[in-house]
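Commentary on secondary and tertiary structure
Each chain is listed here by its residues.
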Amino acid sequence: MVEHDALSATREAYDAAAPTYAQLFRDTLRDSPLDRAILGAFAEVVNASGDGQVADLGCGPGHITAYLGELGLAVFGVDASPAMVELARQAYPGLRFDVGSMAALNIADGVLGGVLSRWSIIHTPPRELPVILSEFHRVLAPGGHLLVGFSASDDPSHPTQVFDHTVAPAYRWSPDHLAAMLRKSGLAEVARMVREPQPTDRRQFQEIQLLARKA
Ligand SMILES: C[S@@+](CC[C@H](N)C(=O)[O-])C[C@H]1O[C@@H](n2cnc3c(N)ncnc32)[C@H](O)[C@@H]1O
């Protein structure tokens, strides 16, 4: 595996933050009908287009992986942080979790019915993102779906903006720019959900969840 400085920094930061992160986000879906709705739609389209496996890439402590499992998907998780993977294995012993990098996935070509990347691309420096998007495309079967979640940039003159994420340096993206990058990687946008910032949110960013399909 090629080791990038940004990836090492992200891994170390999430190793240190893993127990706190797991505790903070354990009940995130219970309080978020919109997240449950888009994950439910993702599960339906994946199930409708075949019975391929689904990978939750950058799965963190595995709570979303487990939810996709409850929705009937054959899902496994991958994360760069060994501490996150250990917590996920402890919490969900019936599921598979691997340590790995989204830039060099240990997954064969064209075998997945779905890829979920939920706020896991945000720590990738923009120049490195095309490699990850082409990995998403490589591992998906034709007709397979990607659901990617990220925070939106609000500066129309810049496709990306750095933001002050608590754990590790992070980037937010113009949704149109990211959709164009996905298209260039062979992943056509199907739909997007835009959640407007709420007064109680710590960060006043739009949250985007973009569903795309491999031709
Ligand atoms: C903000 S957390 C999101 C976790 C989970 N997807 C969720 O929705 O709660 C980002 C996760 O992505 C992982 N990650 C970031 N960059 C990665 C990469 N290049 N390869 C694999 N995992 C990565 C981090 O270790 C971390 O666990």
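So, a few notes on the structure that sits alongside this text. Keep in mind the model is a prediction, meaning the values are calculated, not measured.

Here is what the cut-offs are and how they apply
- Residues numbered from 1 in each chain as written.
- Predicted model: local features only at pLDDT ≥ 70, side-chain atom pairs only at ≥ 80, totals over all residues.
- Heavy atoms only, no water.
- Pairing = 2+ DSSP bridges.
- Helix = DSSP H or I, 4+ residues; strand = E, 2+ residues; numbered from the N terminus.
- Axes fitted to C-alpha atoms, helices over the stretch in contact; angles between N-to-C directions.
- Contact = heavy atoms within 4.5 Å.
- Phe/Tyr/Trp six-rings, centres within 6.5 Å; stacked < 30°, edge-to-face > 60°.
- Lys NZ or Arg CZ within 6 Å of the ring centre and 35° of its normal.
- Buried < 20%, exposed > 50% of the residue type's maximum accessible area, 1.4 Å probe, protein only.
- Polar contact = N/O pair within 3.5 Å; in protein donor to acceptor, adjacent residues only side chain to side chain.
- Near = heavy atom within 4 Å.
- Nonpolar A, V, L, I, M, F, W, Y, C, P; charged D, E, K, R; others polar.
- Core = buried A, V, L, I, M, F, W, Y, C linked by side-chain atoms within 4.5 Å.
- 1 Å grid on protein atoms, 1.4 Å probe; cavity = no way out; pocket = protein on both sides within 12 Å on 5 of 7 lines; lining within 4 Å.
- Points joined across faces, edges and corners; volume = space filled by probe spheres on them.

Spatially, the seven strands line up as an open sheet ordered 3-2-1-4-5-9-8, and their pairing is mixed. In this open sheet, the two strands that pair with only one neighbour each are strand 3 (96–99) and strand 8 (187–195). If you compare each strand with its neighbour and ignore which way they point, the axes differ by 15° on average. Examined bridge by bridge, strand 5 (residues 140–151) and strand 9 (residues 207–214) share seven bridges and lie antiparallel to one another. Bridge pairing links Gly149 to Gln209 in strand 9. Packed on one face of the sheet, helix 5 (residues 129–139) meets strand 1 (53–57), strand 4 (112–118), strand 5, strand 8 and strand 9 and runs near 145° to strand 5.

This part is about the packing of aromatic side chains. Counting across every chain of the model gives three aromatic pairs. For the ring pair Phe163 and Phe205, a centre distance of 5.3 Å and an interplane angle of 80° mean the geometry is edge-to-face. Here Phe163, found in strand 6 (residues 160–163), pairs with Phe205, found in the loop between strand 8 and strand 9; they are 42 residues apart in sequence, far enough to count as distant. By the ring-pair criterion, three or more aromatic residues cluster together here, those being Tyr14, Tyr21 and Phe25. The residue whose ring lies beneath Arg96 is Phe76, and the NZ or CZ to ring-centre distance is 4.2 Å.

As a further point, take the side chain of Ser174. Along the polypeptide, Ser174 turns up in the loop between strand 7 (170–173) and helix 6 (175–184). By relative accessible area, Ser174 is classed as buried at 18%. Within the local environment of Ser174, its side chain forms a polar contact with the backbone nitrogen of His177, the two atoms lying 3.0 Å apart. In contact with Ser174, other than residues within four places in its own chain, are Ser153 and Pro159.

Here we come to the site of the ligand. Contacts to the ligand come from 19 residues, most closely from Tyr21, Gly58, Asp79, Met102 and Arg118. Contact between the ligand and His63: an oxygen atom at 3.5 Å from a side-chain N or O atom of the residue. Asp79 is positioned such that a nitrogen or oxygen atom in its side chain is 2.6 Å from an oxygen atom of the ligand. When residues in the shell around the ligand are grouped by element, the largest group, four residues, is from helix 1 (residues 5–25). Counted by class, the shell around the ligand contains nine nonpolar, eight polar and two charged residues.

Membership of the largest hydrophobic core comes to 35 residues, with the highest contact counts inside it found for Ile121, Phe136 and Phe150. Elements with a contribution of two residues or more to this core: strand 1, strand 2 (75–79), strand 4, helix 5, strand 5, strand 7, helix 6 and strand 9. Considering each element in turn, this core owes the most residues, five residues, to helix 5. If near-sequence neighbours (up to four positions away) are discounted, Phe150 is found in contact with Trp119, Ile121, Ile122, Trp173, Pro175, Leu178, Gln206, Glu207, Ile208 and Leu210. Core analysis: the next-biggest nonpolar cluster, separate from the first, contains 16 residues, Leu39, Val54, Val75 and Met193 among them.

Phi is positive for Trp119, which is not a glycine, with a value near 55°. With respect to the secondary-structure elements, Trp119 resides in the loop between strand 4 and helix 5. Overall, the relative accessible area of 18% leaves Trp119 in the buried class.

Moving on: empty space enclosed by the protein. One pass over the structure, following the stated rule, counts one cavity of 30 Å³ or more. The calculated volume of the largest cavity comes to roughly 40 Å³. Taken together, Ser32, Leu34, Asp35, Trp119, Met193, Arg195, Glu207, Ile208 and Gln209 form the lining of the largest cavity. Looking at the lining of the largest cavity, the elements that each hand over two or more residues are helix 2 (33–48), strand 8 and strand 9. The greatest single-element share of the lining of the largest cavity, amounting to three residues, is contributed by strand 9. Here the lining of the largest cavity is built from residues that sort into four nonpolar, two polar and three charged.

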